[in-house]
Amino acid sequence: MESHRAMPGIEVGDLGEKIGYSSVDNGFLSFEHYRIPRKALLARFMSITKTGDFKMKANPKIIYQIMVQTRLMIMFGAALNLSRASVVATRYAVCRRQFANVKGSTEERKLIDYQTHMDILAPNIAAGLCLNMAAREINEKIVKKSNKMIMEDDYKLLDVLHHFTSGLKALGGEMAYNGLDEMRQACGGAGFLTASGIASLWEDVAPYATYEGVNVVMF
Ligand SMILES: Cc1cc2nc3c(=O)[nH]c(=O)nc-3n(C[C@H](O)[C@H](O)[C@H](O)COP(=O)(O)OP(=O)(O)OC[C@H]3O[C@@H](n4cnc5c(N)ncnc54)[C@H](O)[C@@H]3O)c2cc1C
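Residues numbered from 1 in each chain as written. Predicted model: local features only at pLDDT ≥ 70, side-chain atom pairs only at ≥ 80, totals over all residues.

> Teacher, can you tell me more about the overall build of the protein here?
Each helix and strand in the protein was counted, giving 5 helices and 4 strands. Reading the protein from its N terminus to its C terminus gives the helix and strand order β-β-β-β-α-α-α-α-α. For the protein, the C-alpha radius of gyration of 24 Å lies well beyond 17 Å, the compact-globule estimate for 219 residues. Along the first, second and third principal axes, the C-alpha atoms of the protein reach 90 × 50 × 30 Å. Across the 219 residues in the protein, those meeting the buried criterion constitute 23%. Of the contacts made within the protein by residues no fewer than 6 positions apart, 63% connect residues no fewer than 24 positions apart. (Helix = DSSP H or I, 4+ residues; strand = E, 2+ residues; numbered from the N terminus. Rg over C-alpha atoms; globule rule 2.2 N^0.38 Å. Buried ≥ 20, exposed ≤ 12 C-beta atoms within 10 Å, placed from the backbone. Contact = placed C-beta atoms within 7 Å.)

> Just checking my understanding: could you explain the environment of Arg35 for this structure?
Mapped onto the elements of the fold, Arg35 is located in the loop between β2 (27-31) and β3 (46-48). The spacing of Arg35 and Ala58 is 23 residues in sequence and 25 Å in space, taken between C-alpha atoms.

> Whenever I open this one, the domain arrangement of the protein confuses me. Can you help?
Buried accessible area, meaning the area lost when the parts come together, often serves as the stated size of an interface. For the protein, the assigned domains read domain 1 (10-56) and domain 2 (60-218). Computed from C-alpha coordinates alone, the two centres of domain 1 and domain 2 are separated by 33 Å. Taken together, the 5 residues of domain 1 in the interface contact 6 residues of domain 2. Here the side of domain 1 that touches domain 2 is built from residues that sort into 4 nonpolar, 1 polar and no charged. (Domains from an automatic or database assignment. Nonpolar A, V, L, I, M, F, W, Y, C, P; charged D, E, K, R; others polar.)

> Got a minute to help me understand the pairing of β2 in this structure?
Strand residues, when the strand is regular, have side chains that alternate between the two faces of the sheet. The buried fraction of β2 is low, at 0 of 5 residues. The pairing of strand β1 (residues 10-14) with β2 spans 5 bridges and is classified as antiparallel. Looking at β2, one finds that Glu11 is bridged to Ser30. (Pairing = 2+ DSSP bridges.)

> Is there a simple way to explain the nonpolar core in this structure?
Burial of nonpolar side chains together is a common tendency in soluble globular proteins. Ranked by internal contacts, the top residues of the largest apolar core, which has 35 residues, are Ala78, Leu82, Ala89 and Leu180. Every element with two or more residues in this core is listed here: α1 (60-95), α2 (115-151), α3 (156-185) and α4 (198-205). Take this core: its biggest share by element is 12 residues, from α1. Excluding residues within four positions of it along the chain, Leu82 makes contact with Asn124, Ala127, Gly128, Leu131, Met175, Ala176, Gly179 and Leu180. (Core = buried A, V, L, I, M, F, W, Y, C linked by C-beta atoms within 7 Å.)

> Would you mind showing me how to read the packing of α1 against α3 here?
The geometry of a pair of packed helices is captured by two quantities: the angle between their axes and the separation between those axes. Across the interface, α1 lies against α3 with an axial gap of 8 Å and an inter-helix angle of 25 degrees. As far as their axial angle goes, α3 and α1 are roughly parallel. Crossing of α1 over α3 shows left-handed handedness. The class makeup of the residues in the contact of α1 with α3 is 17 nonpolar, 9 polar and 3 charged. (Axes fitted to C-alpha atoms, helices over the stretch in contact; angles between N-to-C directions. Parallel < 35°, antiparallel > 145°, perpendicular 65-115°, else oblique. Left-handed = near helix turned anticlockwise from the far one by under 90°.)

> So what exactly am I meant to see when it comes to the site of the ligand here?
In the vicinity of the ligand, the residues found are Lys18, Tyr21, Asn26, Pro207, Thr210, Tyr211, Val214, Val216 and Val217. Among the residues making up the shell around the ligand, the classes are represented as 6 nonpolar, 2 polar and 1 charged. For the shell around the ligand, the two domains that each supply at least three residues are domain 1 (10-56) and domain 2 (60-218). (Near = placed C-beta within 6 Å.)

This is the structure in structure tokens:
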């Protein structure tokens, strides 16, 4: 503890720069021929007996429930970030003008007046709202009920929750990632600037496809 250097046989480090999700430092820790007392294991939910047997201390179904809730949080995150980007892209579309192509007018049109532009914005605005509504419905109608049932040792709703949150986590994550980039591009050169805010939102939703279950498997 005096030098704060790792003991011989222990390697600890940072995983390196990521394309987003920078608010969290992902690191690694490895032990090579290094013995530690059993009571020093990071073993809140499981333990190793003196004879070397592995034992779960917690109910695995309850541990699984944590993952289900995290997938729901990802859905809320997908909805929130998509809606934040919709606000930025819509504001840009009502300010930015391109081409005076209305007969009899010298005024340039707003981007939002172009159907092709609305075709990008509208589905993404709707997707943000729908994802939020779907996540709220699951939370209000199933999660809260399931949590109450679990307190009485009844895990019946976990099955249906698993299916809803796995599929919708994958769908929401994909819609947020693709939709955010569509709206970033809809802000032209400004969308390429980190100052637009959209680029960092897009980076933040990028790992949704990977963590808490790779989308390929979750679909
Ligand atoms: C930003 C970030 C934060 C993370 N934080 C945590 C954390 O806090 N705690 C934690 O435990 N983990 C964390 N993870 C790890 C994350 O859970 C894994 O990255 C994820 O489960 C994918 O595993 P992998 O990276 O080994 O990919 P791989 O297993 O190598 O998968 C790569 C690809 O192979 C294919 N594939 C893999 N398996 C299958 C299969 N069964 N069927 C079909 N195709 C398949 C898919 O196309 C998949 O996309 C984090 C990851 C990221 C990116």
